[in-house]
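Chain and residue survey
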Amino acid sequence: MSRSLLVSSRCCRVGLALTIALAAFAWLSIGTASAATELGTYLSKVQPGDFFKGADRFGPPHGDPPVVPVYRGDQLQGFVYLNSDFANSVGYSGKPIHILVGIDPKGIITGLKLVDHKEPIVLIGIPEARIVGALNSLIGKDIKPVAQGAERPPQVDIVSGATVTVLVMSDSIVRSAVKLIRTGRVGGGDASAAKSALPPVIKTLDLSHSEVRDWQSLIGDGSVRRLHLTINDVNDAFAKSGNAVAAQNAEPGSPDDTFIDLYVALASAPTIGRSLLGDDGYQRLKERLKPGQQAIVIAANGIYSFKGSAYVRGGIFDRIEVLQEGSSTRFRDRNHTRLGALAAAGSPDFQEIGLFVTPPEFTLDPTQPWQLQLLVQRSVGARDKAFLTFDLDYVLPDQYVRREQQAVTVLATAPAPAAQAQGGAPVEQQAASTAENEEPLWMRIWRSQPVSIGITALMLAALTVIFFFQNVLVRRPVFYTWVRRGFLAFVLVWLGWYANAQLSVVNVVTFSNALVTGFKWEFFLAAPLIFILWSATAAALLFWGRGPFCGWLCPFGALQELTNTIAKWLKVPQITVPWGLHERLWPVKYIIFLGLFGLSLYSVDLAERMAEVEPFKTAIILKFARSWPFVAYAVGLLVIGLFIERFFCRYLCPLGAALAIPGRIRTFEWLRRWQECGSPCQRCAKECPVQSIHPEGHINVNECIYCMHCQELYYDDQRCPHMIQVRLKREKFAAMSSPSMRTGGKGAGTVFTHAGKPVVTGAGTNPSPSP
């Protein structure tokens, strides 16, 4: 081959590598790549009459975020917008829920359409009609008083089994409507005007007021607020709710017995925090809090737990909610710290105490009144439940508030002519300015997860060290084995079960749709851990192919390998698939991937449903808390994996197939082979856990998970035939160079060992094992 052709070939290969690498890098966090600002895309699926009776057309979108006017003839009926454009709508799945909301010029919700979501409970399980039916109770609600702070947000009926999903949906609808009204674009802008008319006085939390007080004094001045409910109080409330079935299932016990005795306090106020947490506890809290975050202590006794069962199952506290001026939030496990006792002198013993930090996306003004809402549930059937809410109002005592006079700067610039003619334009200008200065959502999300991001970065750095220094590690097989097992256990428990950072083939098929409908980086960045993992996977494809992810970073792959390791320890017999059958089975996963990819070109939703061939959602994301067919499927694959190591990875995983295709362009070859490998030696091929080594000796990188077992054998001078010969030559040379050989006479011999057996050598003789 000529030099020019060689250079051309290398350039083509490098160009192809860069192209595929960029495409792989673009897969990052695709699970969040929904068309949040593509309002027009979703409008094509609905009709104007779905939101306003008699409406016949949509107008052009305007504003940022966009809203679309709806007309009947030439008469404006109201507006339609996308909830996720205005409010956080991430649900149980960790992905946004998209709902089109109709709202009239007065601020009344007129219609709702659930247009896109990835909620597993709704996709497969509870009928979507039940969820939509619960949300429809918001239709007809006037949100303007909520935006003004005059009323609490309306609540919807909870759907049993989908509590978190329904709460997230309803909250995002109400909060998005509140935000839209406060911009002055609907509802007359009264809320914005009222805010601008307030006297220029700034109220802030007085951080200089710090002392330690006892329990009774904190209760006495309202620093700690109390909600006490007896069994009779709860029974009466259900009786008055109009739900006859719930009223009949009265709470057992004496009417005067305590149902719940709940206490709430703002721990970010220095005096309250020091008194309840102690000096050390308050100092740790101060170091943890970010600007704008507040901390709340909640403690309770009684037969009813404010934490609720969903805290254990899904990491969310669905029985308590913080509300302020129409906005609300619920806490997740990452916002919670369990406390054993309160430090204040005279404080009673509590059955449960929690310290909660408000999430970054929710701003709680400590100087303004807020409420803690307690959700009380009662079973009314085998699976159905009834719900009531009880409010505990909290107002920070005046001694903890600092008031300062704000200087007012009057601009001499006259308003624009359009503003003078129309009036109210200054409100729109103010809203636009606020929107421009608002930090993007993905930045706030990244700022809210520094610990998780840091742990993930350290984990990837450790894996990089393992790969770059693999030749040093594999020379110590026992040490390396425990390093690998420890890493896989960490990936399974922390990355998978805790952080839910499991990549999926859904990411790949959704990416193809994103290229057609519009590619926006900000939505890919909204899931930091998924983004980081896809970045690392894309980079690793150039160096090692699919191995780093499939063999090291996949939580379900780690679960398979660890359970198989336990099976081997328990002497479970291992099945070796005949090479001819194995060679015909591994293409199955490519067929599955191509089928899903082709199906996604027709319907992404259908492809995502069919992607349940991956047990990742069941085994990792939902931790087997799912209907029995899905659990049986996932457990069945794991049981097969006890006998055939990584059965799913080898033959069924579409994500592994998707990564293997671009993995072919890897630039480096890190796995070493001897000339004897494959002919005549077959040891590595027979011991490969996933049978990725062909009988002729070469490694199929499409199937290799980079466990490095073959590299352990490569350097082992007790098991590798090539290394055994090297060791024998070394020992013979050492024996021939010994003083006894130099001083001994004819016939002198030296004894050394081969595989534990004595070998005798003599002058002019070849080494031979002793009989």
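Above: the structure in question.
Now for a description of the structure that goes with this document. (Residues numbered from 1 in each chain as written. Predicted model: local features only at pLDDT ≥ 70, side-chain atom pairs only at ≥ 80, totals over all residues. Heavy atoms only, no water.)

1. Describing the overall build of the protein
Condition: Only DSSP runs of H or I covering at least 4 residues are called helices, and only runs of E covering at least 2 are called strands; the numbering of each starts at the N terminus. The classification of residues rests on relative accessible area computed with a 1.4 Å probe and restricted to protein chains. Under 20% of the type maximum is buried, over 50% is exposed, and intermediate values are partly exposed. Residues are treated as being in contact if the distance between any of their heavy atoms lies within 4.5 Å.
A tally of helices and strands in the protein yields 35 helices and 19 strands. Here the protein holds 771 residues, and 50% of them are scored as buried. Sequence separation of 24 or more characterises 70% of the internal contacts of the protein that already satisfy a separation of 6 or more.

2. Regarding the sheet that holds strand β10 (residues 320-324)
For clarity, the cut-off: Pairing between strands is defined by DSSP: at least two bridges between the two strands are required. Lines fitted to C-alpha atoms define the axes, with helix axes restricted to the stretch in contact, and inter-axis angles between N-to-C directions lie between 0 and 180 degrees.
If you trace the four strands from one edge of the open sheet to the other, you get β11-β10-β14-β15, paired in antiparallel fashion. The sheet is open, and its two borders are formed by β11 (327-329) and β15 (385-394), each paired with just one other strand. In this sheet, neighbouring strand axes are inclined to one another by 25° on average, regardless of whether the strands run parallel or antiparallel. One ladder, built from three bridges, connects β10 with β11; its direction is antiparallel. In the sheet register, Leu 323 faces β11, and the bridge partner there is Ser 328. Helix α10 (residues 231-240) contacts β14 (370-379) and β15 of the sheet and is inclined by roughly 80° relative to β14.

3. Focus on the state of the cysteines
This is how the line gets drawn: Sulfur atoms of two cysteines make up a disulfide when they are within 2.5 Å.
Going through the model one piece at a time under the given rule, you end up with zero disulfides. With no disulfide partner, Cys 554 has as its closest neighbouring cysteine sulfur the one in Cys 649, 6.0 Å distant.

4. Topic: the side chain of Asn 700
Heads up, the rule is: Any pair of nitrogen or oxygen atoms within 3.5 Å is treated as a polar contact; in protein, a donor-acceptor pairing is required on top of that, and neighbouring residues in sequence qualify only through side-chain atoms on both sides.
With respect to the helices and strands, Asn 700 occurs in the loop between α32 (683-687) and α33 (709-714). For Asn 700, a relative accessible area of 11% gives the class buried. At a separation of 3.0 Å, a polar atom in the side chain of Asn 700 contacts the main-chain amide nitrogen of Asn 702. Other than its neighbours up to four places away in sequence, Asn 700 contacts Trp 586, Ser 692 and His 694.

5. Notes on the pattern of salt bridges
Rule in force here: Only one rule defines a salt bridge in this text: a Lys or Arg side-chain nitrogen within 4 Å of an Asp or Glu carboxyl oxygen.
Enumeration over the complete set of coordinates arrives at 14 salt bridges. Note that Asp 279 and Arg 274 form a salt bridge whose closest N and O atoms lie 2.7 Å from each other. Looking at Arg 274, the relative accessible area reads 22%, which means it is partly exposed. Note that Glu 687 and Arg 683 form a salt bridge whose closest N and O atoms lie 2.9 Å from each other. In this pair, Glu 687 and Arg 683 are both assigned in helix α32, four residues apart and thus about one turn of the helix distant. For Glu 687, a relative accessible area of 28% puts it in the partly exposed group. Looking at Arg 683, the relative accessible area reads 34%, which means it is partly exposed. In the salt-bridge network here, residues are joined through shared partners; they are Arg 484, Glu 561 and Arg 646.

6. Notes on the packing of aromatic side chains
The criterion, for reference: Each Phe, Tyr or Trp ring, with Trp reduced to its six-membered ring, pairs with another whose centre is within 6.5 Å; inter-plane angles below 30 degrees give stacked pairs, above 60 give edge-to-face pairs, and intermediate values give tilted ones.
Applying the stated criterion to the full structure yields 26 aromatic pairs. Consider the rings of Tyr 81 and Phe 86, whose centres lie 5.2 Å apart with planes at 75°: the pair is edge-to-face. Of the two residues, Tyr 81 and Phe 86, both sit in the buried class. Clustering of aromatic rings is evident, with ring pairs tying together Phe 467, Phe 468, Tyr 480, Phe 487, Phe 543, Trp 544, Trp 552 and Tyr 706.

7. So, unusual backbone geometry
For Arg 646, which is not glycine, the phi torsion reads 55° and is therefore positive. Backbone geometry places Tyr 706, a non-glycine residue, at a positive phi of 60°. Along the chain, Tyr 706 turns up in the loop between α32 and α33. The exposure class of Tyr 706 is buried, given its relative accessible area of 4%.

8. Here's the deal with the pairing of strand β13 (residues 352-357)
With six of six residues buried, β13 lies mostly within the body of the structure. Burial of β13 is two-sided: the residues Glu 352, Gly 354 and Phe 356 facing one way and the residues Ile 353, Leu 355 and Val 357 facing the other way are all buried. With six bridges connecting them, strand β9 (residues 295-301) and β13 associate as antiparallel partners. Directly across from Ala 295, in β13, lies its bridge partner Val 357. In terms of strand pairing, strand β12 (residues 336-339) meets β13 through four bridges, oriented antiparallel. By the bridge assignment, Thr 337 is partnered in β13 with Leu 355.

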